Amino acid sequence: MSIKDSRIELTRREALKLFGASVALLQASCLERTGEEILPAVHTLATPPGTPTTFATSMVVDGYATGLLALAHTGRPTKIEGNPAHPASLGATSAQHQASILDLYDPHRLSAPQVAKLPATWNRFRSEVERGFAGDLWLLLPPDGSPAIAAQLARVRQRFPTAKVVHHARLDRSEAYRGAALAFGTPLELQLALDRAAVVVALDADVLAGMPGSLRWSHDFAKRRRTVEPGEQPVRLFVAEPALTPTGSMADRRLAIRAGDVVALIVTLADALAQRGVASVEVPAALREQAKARAGDPRWLEVVVAALLRHPRASAIVVGDRQPAAVHALAYRLTLSLGNLGTTSTFTQPALLAPLGDATLEELAAAIHGRQVGAVIALETDPVFDASADLALATLWRRVPLSATLAQHANATTSASRWALPCSHYLESWGDARALDGTRSLIQPLIQPLYDSRSRLQLLAMLAGDPAPDDRALVRAGFMDDAAWHAALAEGLVAGTAAPPVNVQARGGGELVTALATALGQPRAALELDLATSLAVGDGRFANNPWLQELPHPLTKQTWGNAALLSAATARSLGVTDGQVLAITRGNAKVEVPALIAIGHADDCITVELGYGHDAEGAPVSRTIGGNAAPLARKGLIVGGVGVHKTERHVELARTQVDFRRHHRETAFQLTLADYHARPEQLEHLRGPLPTLLAEPRRPDNVLQWAMTIDTTICTGCSSCMIACQAENNVPVVGAEGVRRGREMHWIRIDTYVEDAVHGPEVVHQPMLCQHCENAPCEYVCPTFATTHSPDGLNEMTYNRCIGTRFCSNNCPYKVRRFNWFAYDKPATIASLQHNPEVTVRARGVMEKCTYCVQRIRAAEIRGRIDGRPIAPGEVMTACQQACPTNAIQFGALQHADTDMARWRSLPRAYDTLHELGTRPRTVYLAKVLDPEGGG
């Protein structure tokens, strides 16, 4: 066999030799680790050849650091995990953290500097800066707490004394800090200890999934939530919000309310508490009456007040970041009045450099109008995309003589800039940052930059005058000795740097009452637009990531785009149906998005997620996906005075689930705490073996038997497990059309069941994966024995036996098997470098499914044989289990009786899904338990 063309003929052996040499050359160049010293997250460097190495690093989102562990195979990062030693992570990750590994290998990243869309060099850009400019220098950065960034900004200001800095984000947290200043006289950060809370009240706040501290908060919340066995009292959660969120789906009682009416709700709540002796601020009677008319269901307030009074010093009140400062201030005053300070809540100095901001976009626009701006540089922020249309920033940006944007992908601001500068990925660069609690976290690279890129820290140093800035040296300068530096690198953080609690004293209430009156006095629009940040693509920075585009929304299950969420009543009043495109306008700004009738949505308002609607060339994944609603906003994300008009267009939404009812099937269960205490054995008929003609499965006594237990009481539906599985097991994406055809490839999905109830929608999130049945219906219909049972209880797939009959999928009652219709993966692209080398990349025409991460099981078995020991309890963790913030997924061996996985299976609320079929699944679920009446 030979490879021929008109010029050369190679034997198979020679071709393989050349291929091997080319791979080695590639690895020795761009794929080798950085030349600087980096330290793995272990205490020894003695790693056997071929063994993956783990390094501690951090990822910054919205200005706050989360500690991560990055896994590298021969110098090639392939997987992200949470850092158990980091206070913001505790070993868990979000979907965005997991998917960030794909951004590293994105073939659509900016690869080299461009000036006027033509190739250029960094030296040319530096020379242009050094030549000077007539006017002030303006820098636009995202919120940041990095000490190294602060040092470089100080140097830039020394060189350019009139320089202005705008810390820009579409959803910033400035209102929360202004609220603290209103309540206490200074901007402060609220720190929560939800593991000490008996009652949590979330007001337009996605506490468990959509806020900077959500990873830690959901972990702590779950510790108190899962103690729901007979005789125990879990934490109770009350939520008021316009659109159903993961936090709302966990609520014992939920109130659907417009975001603009939350101010009325909290004023009414404060008044009800004051009547019972809990005074926070004296609200005038006229203001109280005005608020009651907009506060929603009074029964919800009564139950919340009773719960707060029943648990003094053990409650937490959390307000969402888009709420005005007055709402935050009143919530902080209630926190003090209820005695929560020092137990569930503390205040610290903010981790961000400028919590209240320096300059603003409005000031920048005015300065450009006045011809006072000589240069404007945006560093990892996209203001042209998400600024208010009132500013006309795209037009103004082009008037500045020297404009530049540092970004990983082409975006609206790079298109409007003279210079487009490629930004390094966090796995390619050195840096530092602060976690929400102030802990200094280190960012260390695992790989040399794949492109001619620079980090934000390097660009600021270049502006400060460094011709070739060394970002490692800039970070290292903050450490006194090598020992401290090495310890920080190994752990990923600087121990003992969390901000200490601040003693607070409430200010006089006059200014707060004035602010509340102003907020309540705003005209109440007939139809309100509430803008929200996407849990998938954020504010748009992750929009070019196909994993996140194909990640189903936790509640609507929409992929590949956003929609206008509205209630059934509002849809009827507008005369619209699912998929009908709506034109939403305010002044000259307009966005067109399809309507989606959402369960549990508040009336007379529409929710649209931000981060979609990009139109920049060079970012093909995100281009034309969804609509950009950000220009409709003025300053905040609660927009009144919008017009909504039906168009004649309809689109088919790419959703992975459209029916959320159980139809009386025994699939997922939700119980009230009182009913569960009264009848703890009501699910007993859904456990244990059933009569069968099949022979009893034989399992060797000396082989560990693997199984999984999932607690739906603490599953928030955040979907981190789905992306973790995708990264671990080389699961491809299929695109919007593939999703519409029902061909999504996720090995684990989250089925969501929603039933209407008097106290709000009852929601159960049920992670559904291969159940690894003892009597597997898929096994005895396969004509080629491609799917078989292993001695340790796994339902295995032998890919090279599969001929694609799909009989196994037809016979699977859980519908968890996936057929690879096309060769979705393109091995020739740089994106394939993310693939886990320990998992086969499946070919077209092959059936695939969850394997319980068998590669991790076999690796543990090999380690055990080498060490001459059995596998220890908890030694094997599946990817979904490791990523889960609430520890809802537990995996292990049935013989390890002293583990959560084994203990949970004996609880009264344990059940098998579709138990009546007799499949005897190895995956067992725990029914969800809520306490809506407070009778537990």
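Structure's up top.
What this report covers is the structure whose coordinates are included nearby. Keep in mind that this is a model prediction, so the values were computed, not measured.

A closer look at the pattern of salt bridges
Then, in step 1: Across all of its chains, the model carries 59 salt bridges by this definition.
Then, in step 2: Across the pair Arg322 and Asp204 runs a salt bridge, and its minimum N-O distance is 2.8 Å. You can see Arg322 sitting in the loop between strand 14 (315–319) and helix 11 (325–337) and its partner Asp204 sitting in the loop between strand 11 (199–203) and helix 6 (214–225), a full 118 residues away along the chain. Residues Arg322 and Asp204 agree in their burial class; the two are buried.
Then, in step 3: With its nearest N and O atoms 2.7 Å apart, the salt bridge here joins Glu774 to Arg922. In this pair, Glu774 is assigned in the loop between strand 33 (762–768) and strand 34 (787–789) and Arg922 in the loop between strand 39 (910–911) and strand 40 (923–926), connecting sequence segments 148 residues apart.

Section: the pairing of strand 18 (residues 419–422)
Here is the key point about a regular strand: its side chains alternate between the two faces of the sheet.
Then, in step 1: Because side chains alternate across strand 18, one face comprises the buried residues Trp419 and Leu421, and the other comprises Ala420 and Pro422, equally buried.
Then, in step 2: Inspection of the sheet shows strand 6 (residues 114–115) paired to strand 18 by 2 bridges, in the antiparallel sense. Paired with Val115 across the bridge in strand 18 is Trp419.
Then, in step 3: Taken together, the 4 bridges between strand 17 (residues 402–407) and strand 18 define a ladder with parallel strand orientation. Opposite Leu406, over in strand 18, you have Leu421 as the bridge partner.

Quick word on the sheet that holds strand 9 (residues 164–167)
Then, in step 1: Strand order in this open sheet of 7 strands is 7-6-18-17-16-8-9, and the pairing throughout is mixed. Strands with a single pairing partner mark the edges of an open sheet, and in this sheet they are strand 7 (118–119) and strand 9.
Then, in step 2: Note: strand 6 against strand 7, 2 bridges, orientation antiparallel. Bridge pairing links Val115 to Leu118 in strand 7.

Focus: unusual backbone geometry
Then, in step 1: Non-glycine residue His664 carries a positive phi angle of around 65°.
Then, in step 2: Mapped onto the fold, His664 is located in the loop between strand 29 (654–655) and strand 30 (670–672).
Then, in step 3: A relative accessible area of 82% means that His664 is categorised as exposed.

Looking at the side chain of Thr713
Then, in step 1: Here Thr713 lies in the loop between strand 31 (706–711) and helix 23 (720–728).
Then, in step 2: Residue class for Thr713 comes out buried when judged on its relative accessible area of 1%.
Then, in step 3: A polar contact is formed between the side chain of Thr713 and the backbone oxygen of Ala927, at a distance of 3.1 Å.
Then, in step 4: A polar contact is formed between the side chain of Thr713 and the backbone nitrogen of Val929, at a distance of 3.1 Å.

Concerning the side chain of Gln881
Then, in step 1: Along the chain, the position of Gln881 falls in helix 27 (residues 879–883).
Then, in step 2: Ignoring anything within four residues of it in the chain, the contact list for Gln881 reads Val876, Ile889, Gln890 and Phe891.

Details of the environment of Ala416
Then, in step 1: In this structure, Ala416 sits in helix 15 (residues 412–416).
Then, in step 2: Classification of Ala416 by relative accessible area gives buried; the value is 6%.
Then, in step 3: With 12 residues separating them along the chain, Ala416 and Ala404 place their C-alpha atoms 8.8 Å apart.
Then, in step 4: Contacts of Ala416, omitting those with residues within four sequence positions, involve Val384, Ala394, Trp397, Arg398 and Ser403.

Calculation rules
- Residues numbered from 1 in each chain as written.
- Predicted model: local features only at pLDDT ≥ 70, side-chain atom pairs only at ≥ 80, totals over all residues.
- Heavy atoms only, no water.
- Salt bridge = Lys/Arg side-chain N within 4 Å of Asp/Glu carboxyl O.
- Helix = DSSP H or I, 4+ residues; strand = E, 2+ residues; numbered from the N terminus.
- Buried < 20%, exposed > 50% of the residue type's maximum accessible area, 1.4 Å probe, protein only.
- Pairing = 2+ DSSP bridges.
- Polar contact = N/O pair within 3.5 Å; in protein donor to acceptor, adjacent residues only side chain to side chain.
- Contact = heavy atoms within 4.5 Å.

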